[in-house]
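# Report on the structure
Residues per chain, in single letters:
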Amino acid sequence: MSIRNGLREFPARLRRAGGDLVVGVLIALGAMLSVCLFLITAYFVILFVIGIGAVMLPIVTKWVRWLCNANRRAAARAGVQVPVPYRPEPKEFEKDIVGWIRRCKWILTDPASWRDLLWLLLNSVVGMIGFLPAVVLYYVLEGLALACGLWRPILRAQGTGREYFFVPIQSQPTAVLGALAAAALFVAWVWYSPVFLTAHAHFTRLLLGPTKGSQLTVRVQHLAETRSGALDAAAAELRRIERDLHDGAQARLVSLGMTLGALERHLGSDSTEARRLLLDARTSSVSALRELRDLVRGIHPPILAERGLADALRALGLASPLQVEVTVGIAGEVPPPLESALYFAVSELLTNALKYSDAEHVEVNAWHDGAMLHAWVVDDGRGGADATKGTGLHGIRRRLATFDGTLDISSPLGGPTAIKMEIPCVLSSLKTSSS
Amino acid sequence: MRVVLAEDLFLLRQGLIQLLDAYGFETVAAVDNGPDLLEAAARHRPDILIVDVRLPPTFTTEGLKAALQARREIPKLPILVLSQHVEQMYARELLADGTGGIGYLLKDSVFDNEQFIDAIRRVAAGGTAMDPAVVSQLMVSHARDEPLGALTARERGVLELMAEGCSNTAIAQRLFITEGAAAKHISNIFVKLMLPPDSDSNRRVLAVLAYLNA
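For the structure given in this document, a descriptive report is provided here. Source: prediction; values computed, not measured. (Residues numbered from 1 in each chain as written. Chains lettered and ligands numbered in written order. Predicted model: local features only at pLDDT ≥ 70, side-chain atom pairs only at ≥ 80, totals over all residues. Heavy atoms only, no water.)

## Considering empty space enclosed by the protein
All names here are of chain A. The condition that has to hold: Space inside and on the surface of the protein is sampled on a 1 Å grid over the protein atoms alone, with a cavity defined as a set of points where a 1.4 Å probe fits but cannot get out and a pocket as an open set with protein on both sides within 12 Å along at least 5 of 7 lines; lining residues have an atom within 4 Å of a point. Grid points are joined across faces, edges and corners, and a volume is the space filled by probe spheres set on the points. In this description a helix means any DSSP run of H or I spanning at least four residues, a strand means any run of E spanning at least two, and both kinds are numbered starting from the N terminus. Gly is placed with the polar residues, together with every amino acid not listed as nonpolar (Ala, Val, Leu, Ile, Met, Phe, Trp, Tyr, Cys and Pro) or charged (Asp, Glu, Lys and Arg).
Overall, the coordinates contain two cavities of 30 Å³ or more when judged by the stated rule. What lines the largest cavity is a set of 13 residues, among which T41, T61, I107, S113 and L117 lie closest to the centre. Counting only elements with at least two residues in the lining of the largest cavity, the list comes to α1 (3-49), α2 (56-77), α3 (97-108) and α4 (111-126). Take the lining of the largest cavity: its biggest share by element is five residues, from α4. Tallied by class, residues from the lining of the largest cavity come to eight nonpolar, three polar and two charged. For the second largest cavity, the calculated volume is near 30 Å³. Ranked by residue count, the leading element in the lining of the second largest cavity is α4, at three residues. Among the residues making up the lining of the second largest cavity, the classes are represented as four nonpolar, three polar and one charged.

Below, the structure written as structure tokens:
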């Protein structure tokens, strides 16, 4: 590390150290709190086991989890991600004693609760580490204060000077020496004090992070939910296709056959009637074709099959009455089910923008960053989009969830609306063009 | 008139050959893939290419690509593209060189034999034939655009028919106006879209392009 680099980094590091100082003090205060919480929780767990305490345990647990979550956030600040491992709260609880007991059961059967408890106990000691940056800084300030002249009254009062860094400060030169030591200590503090927080963050992750088992439980739960969602969606889609074929194209072809039968009878005898029937037959066949075409478009849009995602999104932009700017940066091939999900999502979002937002200009951005496929649809409309109101956004979110994808909505009243979709995906290499 | 036909579905290919035969066209080659199409076009130098967008082996836009390549090799070669669905993007690509002799129709259009044959003749003569579905899609998506905004409703209607490839007479018939009125509207459109009177370039094609590229 060259000195010039060090100087350039100094302000950022100073800010970081300052922030960590505050967080460290908070963590240490939390450590004091954690002793109390440990004792209270243990007390109510025992009370619950001997029959009472069902009411207080959930409340105390809420406090405990709050403290633990605060420490998880502090760990995230130090660059150590600690996901929240708790099992989801069962939805409906009775308001009576049975409900309270079920609540306690949910808490006590969650291994994370017990790990929290252990963390509380250990943190009451380990958390004190958070004070260290403050202590060191205090020592630095003391050294500077001594050097600034504080050593004189102390020397006068005590006879011997105050010792700083093993140097008794009894004269101006020794005071300057002390100040230099303080300055060196300060620089070291700026550079190395975040280490304490990082150490604490690792300790927090050890106990508060999800275990392999709980990670798997959460994952299995998510997969079960999204799988049933995907199956529902697929079944509904098949029913829709069946109904559309049955009521649409199939019926048209039957009527076409009947018209042709009638035509056969009239052929030769009644040429005007035959001509009319012929016209009917042609209209029927055209309608059947149109319905089949729409159906195909709904299952798998031809443009997607023919030109891939980038051009299909561009075509969506072209076909929209809004001014749509489409930018696509995807170097490779997206797996077909994902491609299709994203296409329909963007198509629906463009329709939404047209129908509800009063927008004029829409930007569609899709890119891949090596691990995730991102797609943003941003309009300049009046905002207020809400996934909980309509079924459209919720439907897209559910469809993306099948691929572990997410949908974020930012749509303040007055606009603009920005919808961000992210799907983890690996690209296969680009198909070589046939032309 | 000599036609080269590229269509991979056997039934449709045979049907088209029969239809063309019935109207006195000569199908000099009927192929079912892109490379053969290029070869046939180079060998026979037909008066028009009739091409399906989707051809083997990729079943993507093989036909469209082959047709565009044939046109690069034989400039002004008239092309009529048939498709199961219409995409504005394809219409743009086909019309990009602005020289006319381009048609882009839904496959259903063969149901109306007369109009289909008429479209072939128009394209072979250097005009355009756009499916009404393409044109209406274009009109919707460019309704807010500037140059088109200056047009009156009637002029828009005329432009739509012009884009489909109708002649002045046909436009007059379809809109129940006199041919003189149709001609007047058309010249107004040319002025509003700022298309200079230039005998060489096909102003009708340029007018269509003006809003394709708006």
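## A few points about the interface of chain A and chain B
So the rule is basically this: Contacts are assigned to residue pairs that have any heavy atoms within 4.5 Å of one another. Throughout, buried area stands for the accessible area (probe radius 1.4 Å) lost by two parts on being put together, summed over both. Here, a salt bridge means any Lys or Arg side-chain nitrogen found within 4 Å of an Asp or Glu carboxyl oxygen. Contacts described as polar in this section are N or O atom pairs within 3.5 Å, which, within protein, must combine one atom able to donate a hydrogen with one able to accept it, while residues neighboring in sequence count only if both atoms come from side chains.
Listed by partner, the interface residues are 25 residues for chain A and 26 residues for chain B. Taken together, both faces of the contact between chain A and chain B bury some 2,200 Å²; the carbon and sulfur share is 51%. Summed over the shared surface of chain A and chain B, the result is five salt bridges. R307 of chain A is the salt-bridge partner of E93 of chain B, the closest N and O atoms lying 2.5 Å from each other. Connecting chain A to chain B are six residue pairs in polar contact (both at pLDDT 80 or more). Within the residue set of the side of chain A that touches chain B, elements represented by two or more residues are α9 (271-299) and α10 (302-319) of chain A. A total of 10 residues in the side of chain A that touches chain B trace back to one element, the largest contributor, which is α10 of chain A. Partitioned by chemical class, the residues of the side of chain A that touches chain B number 11 nonpolar, six polar and eight charged.

## Looking at the environment of H300 of chain A
All names here are of chain A. Quick note on the threshold: With a 1.4 Å probe rolled over the protein chains alone, any residue whose accessible area is under 20% of its type maximum counts as buried; one over 50% counts as exposed, and the rest are partly exposed.
The topology assignment puts H300 in the loop between α9 and α10. On the basis of relative accessibility, which here comes to 34%, the residue H300 falls in the partly exposed class. Sequence separation between H300 and P337 is 37 residues; the distance between their C-alpha atoms is 9.9 Å.

## With respect to the side chain of D379 of chain A
All names here are of chain A. Filter applied, for reference: Counted as positive: Lys and Arg. Counted as negative: Asp and Glu. His and the chain ends are not counted at all.
Position of D379 relative to the elements: it lies in strand β5 (residues 372-379). It turns out D379 is buried and unbridged, and the closest side chain with the opposite charge, R382, is 9.4 Å from it. Of the polar contacts made by the side chain of D379, one reaches the backbone nitrogen of G381; its length is 2.8 Å. With residues up to four places along the chain from it excluded, the contact list for D379 reads A353, S357, A359, H361, V362, P416 and T417.

## Topic: the sheet that holds strand β4 (residues 361-368) of chain A
Residues and elements named next belong to chain A. Here is the rule we go by: Here a strand pair is declared whenever DSSP counts at least two bridges between the two strands. For every element, the axis is a line fit to its C-alpha atoms; helices are fit only across the contacting stretch, and the angle between N-to-C directions ranges from 0 to 180 degrees.
Spatially, five strands are ordered β3-β4-β5-β7-β6 in an open sheet, and the strand pairing comes out mixed. Edge positions in the sheet fall to β3 (323-329) and β6 (406-410), since each of these pairs with one other strand and no more. The sheet shows a mean angle of 10° between the axes of neighbouring strands, direction not considered. Pairing of β3 with β4 involves seven bridges; the strand directions are parallel. Across the sheet, residue V328 finds its bridge partner in β4, namely A366. In this fold α10 packs onto β3 and β4, with an angle of close to 170° to the strand it touches most, β3.

## Digging into a nonpolar patch on the surface
Rule in force here: Patch rule: a residue counts if its relative accessible area is over 30% and it has no salt bridge; like charges are joined within 9 Å, and nonpolar side chains (Val, Leu, Ile, Met, Phe, Trp, Tyr) within 5 Å. For every accessible area listed, the method is Shrake-Rupley and the probe measures 1.4 Å; residues are considered covered only by the protein chains on display.
Among the surface-exposed residues, L118, L121, L122, V125 and V126 of chain A lie close enough to one another that they form a single nonpolar patch of about 400 Å² accessible area. The residue L118 of chain A is located in helix α4 in this model.

## Side note on the packing of aromatic side chains
Ring pairs (aromatic) are described by centroid distance and by the angle formed between their planes. Residue and element names in this part refer to chain A. In plain terms, the rule: When two rings of Phe, Tyr or Trp (its six-membered ring) have centres within 6.5 Å they constitute a pair, described as stacked for plane angles under 30 degrees, edge-to-face for angles over 60, and tilted for the intermediate range. Only lysine NZ and arginine CZ atoms are considered, and such an atom sits over a ring when it is within 6 Å of the ring centre and within 35 degrees of the ring normal.
Applying the stated rule across the entire model yields six aromatic pairs over all chains. Residues F186 and W189 carry aromatic rings whose centres are separated by 5.8 Å and whose planes lie at 20° to one another, so their mutual orientation is stacked. Here F186 pairs with W189, and both are found in helix α6 (residues 172-192), just three residues apart, close to one helical turn. Measuring from centroid to centroid gives 5.6 Å for Y343 and F344, while their planes differ by 80°, and the two rings are edge-to-face. You can call Y343 buried: its relative accessible area is 8%. Between the NZ or CZ atom of R65 and the centre of the ring of Y86, over which it lies, the distance is 3.9 Å. In this structure, R65 is placed above the aromatic ring of W106, and the distance from its NZ or CZ to the ring centre is 5.3 Å.

## Observations regarding the sheet that holds strand β3 (residues 48-52) of chain B
All names here are of chain B. Taken in spatial order, the six strands line up as β2-β1-β3-β4-β5-β6 in an open sheet, and their pairing is parallel. Here the strands that pair on one side only, and so sit at the sheet edges, are β2 (26-31) and β6 (128-130). Shown here is a sheet whose adjacent strand axes are inclined to one another by a mean of 20°, direction ignored. Taken together, the five bridges between strand β4 (residues 79-83) and strand β5 (residues 102-106) define a ladder with parallel strand orientation. Its bridge partner lying in β5, L80 is registered against G103. Relative to the sheet, helix α1 (residues 10-22) contacts β1 (2-6), β2, β3 and β4, its axis offset from that of β2 by approximately 170°.

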